Amino acid sequence: VVGAGTMGAGIAQIAALGGFETYLHDPFPEALERGIAGVRAGLAKGAERKRWSIEDAAAAEKRLRSAPALEDLAPCELVIEASPEDLGLKRELFGNLSQICGPDVVLATNTSSLPVTAMATAAARPGNVVGMHFFNPAPLMQLLEVVAGADSSEEALATALAVGEQMGKRVINAKDGPGFLANRCARPFGLEALKLLSEGVADHTTIDRIVRMGGGFRMGPFELMDLVGIDVGFEVSKSFWEQSFHEPRWRPSMIQARMVQAGRFGRKAGRGYYEYEQGKHHREDDPEQPAMREQDAVIVIEGDGQVAEELWDLAADIGYDPRRMAELGDDDAALYIDAQIGRLVEDQVSVPPGASVCVLCAEGSLSELGLLFDHAIGFHVLPPLSDTGVVELTHSGQDDVASQRVEHFFRTLGKHVEWVGDGPGLVFGRIICQLVNEACFAIQEGVGSPEDIDTALRLGFNYPRGPLEWADLIGIEHVVATLDALYEELHEERYRVAPLLRRMIAEGRLGRWAGRGFFTYPEDEY
Ligand SMILES: NC(=O)c1ccc[n+]([C@@H]2O[C@H](COP(=O)([O-])OP(=O)(O)OC[C@H]3O[C@@H](n4cnc5c(N)ncnc54)[C@H](O)[C@@H]3O)[C@@H](O)[C@H]2O)c1
């Protein structure tokens, strides 16, 4: 392992534990000493916490060697480089290592943002160069991305995979390109949140709360940006933008630039989107979800997507009498919920007299869909409804009766409600649909498989579920309707739908309820 810093020491620890004779090199004696001491401390701590035995820790320590000179690495069959993020420096290292080690040595880089392919050409045999991208802290994070550069050989990739697995990692295969697989597929989590903030759809605290309560994420996007460092995040954003020759989905936000100018770097600076005292910010507890309450009113629910179906079942479970409009007969209904996706503009909608209308803002914003109704309230929620704690609402004018009825309805279902600004997908739907879209572009470009993308985001970023598993639960038509509406209403290229999603609709791969989407499901599971 070359470079004994944060990542290098962590990688050396798992290498030694995995049974490899491990050499740790750093040209700076103090850094090397600190790195070796760090590995020893990590091994002892793990034994103390019973993550491995004292004997295993002792055996691993015996396999660890300090390598003050690069030449000490001559016997190595695999070198993992974790030196500073500088292409010139890494290229020089690969050139030298090619001379020092045998001709078959596999050279791996732990870079998070530099092209593996640009490093490979400095080695004597570019085919022997691959990426091994570990996550911080390397001993604890389960995920490892093995990255194929343009010329990486199958043998070198297989070596990296086998070694990674022996280190106890869940290895996924990725291809060279901005952010490889995991970091790339996670981009919309922050960037779409920034877009929502810049449009004034909601403030950062509300967006974070919705993401935590709506999806079970441990942290909202702004909390995460503060943790990573807004200056670091801005540099990553600029690098994506430049490497891709200005892909609109990856356009940095002016908010990031302004935060950096203001010195609001995040947690490490004591202030970012939030203020920090002694490194901690005071986060109010998320509101309790209201208890479900028995009801016995007639309501109308129209639509045949997942949202309509799940609302129907939830409402019926607590005693509501949900009906289709055609089944209402002479009965009264105070609430008409329209969760239709795939509507025709010329569709005539009839509403029970005196009913308040609540319309799903997926295939349009409330300003668009509301044209079909008087005084409608917009709502959005993502399936599976059983997992979500929050329903988002939006209104165009002030209709207190409608607002109260709609709020009451969702509260009786046990959901917290949040009022936000208008737009297709509102807040959470928009972030998740863009995550799905990004994943689809990555699949199309051969960067990774659906399984590996979901694994990457669950293990690398603690997502409660992968975006593609989510898309299957939501239904592909709902995702595409939301993205198309964003594209049409905002006139922005960043919302163009990945062709793969349209192809899936054409092929009837509509999601879990259809038995197949990104994944296939046995009949008893959908
Ligand atoms: N920190 C993270 O979260 C993270 C995650 C994934 C990947 N990475 C990548 O891992 C690499 C290392 O990052 P880090 O956070 O461990 O950095 P770090 O600054 O903690 O460690 C870098 C080490 O490299 C040593 N070094 C300096 N010049 C060197 C040279 N010429 N040859 C060999 N070593 C030299 C330094 O003394 C230092 O010990 C970078 O490429 C980074 O992009 C970092």
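Just above, that's the structure.
Residues numbered from 1 in each chain as written. Predicted model: local features only at pLDDT ≥ 70, side-chain atom pairs only at ≥ 80, totals over all residues. Heavy atoms only, no water.

Draft legend 1. Focus on the pairing of strand β11 (residues 356-360). Buried residues dominate β11, accounting for 5 of its 5 residues. Here β11 shows no split at all, with S356, C358 and L360 on one side and V357 and V359 on the other all buried. Of the pairings in the sheet, the one linking strand β10 (residues 335-338) to β11 comprises 4 bridges and is parallel in character. Residue pairing in the sheet places L335 in a bridge with S356 of β11. For β11 and strand β12 (residues 377-380), the ladder comprises 3 bridges, and the chain directions are parallel. Directly across from L360, in β12, lies its bridge partner F379. (Buried < 20%, exposed > 50% of the residue type's maximum accessible area, 1.4 Å probe, protein only. Helix = DSSP H or I, 4+ residues; strand = E, 2+ residues; numbered from the N terminus. Pairing = 2+ DSSP bridges.)

Draft legend 2. Molecular detail of the sheet that holds strand β4 (residues 106-109). An order of β3-β4-β5-β6-β7 is seen for the 5 strands of this open sheet, with the pairing classed as mixed. Of all the strands in the sheet, just β3 (78-81) and β7 (170-175) have a single pairing partner and so form its edges. Going from strand to strand, the sheet's axes swing by 25 degrees on average, the running direction of each strand aside. Relative to β4, β3 runs parallel, the two sharing 4 bridges. Residue E81 lies in a different strand from β4, and its bridge partner there is T109. Along the sheet face, helix α4 (residues 87-100) touches β3, β4 and β5 (129-134) and points at about 165 degrees away from the line of β4. (Axes fitted to C-alpha atoms, helices over the stretch in contact; angles between N-to-C directions. Contact = heavy atoms within 4.5 Å.)

Draft legend 3. A look at the side chain of K195. Relative to the assigned elements, K195 resides in helix α8 (residues 187-198). Given the relative accessible area of 13%, K195 is considered buried. A polar contact is formed between the side chain of K195 and the side chain of E492, at a distance of 2.7 Å. Leave out the neighbours within four places in its chain, and K195 touches R430, E492, R494 and Y495. (Polar contact = N/O pair within 3.5 Å; in protein donor to acceptor, adjacent residues only side chain to side chain.)

Honestly, it's all geometry; don't read function into it.
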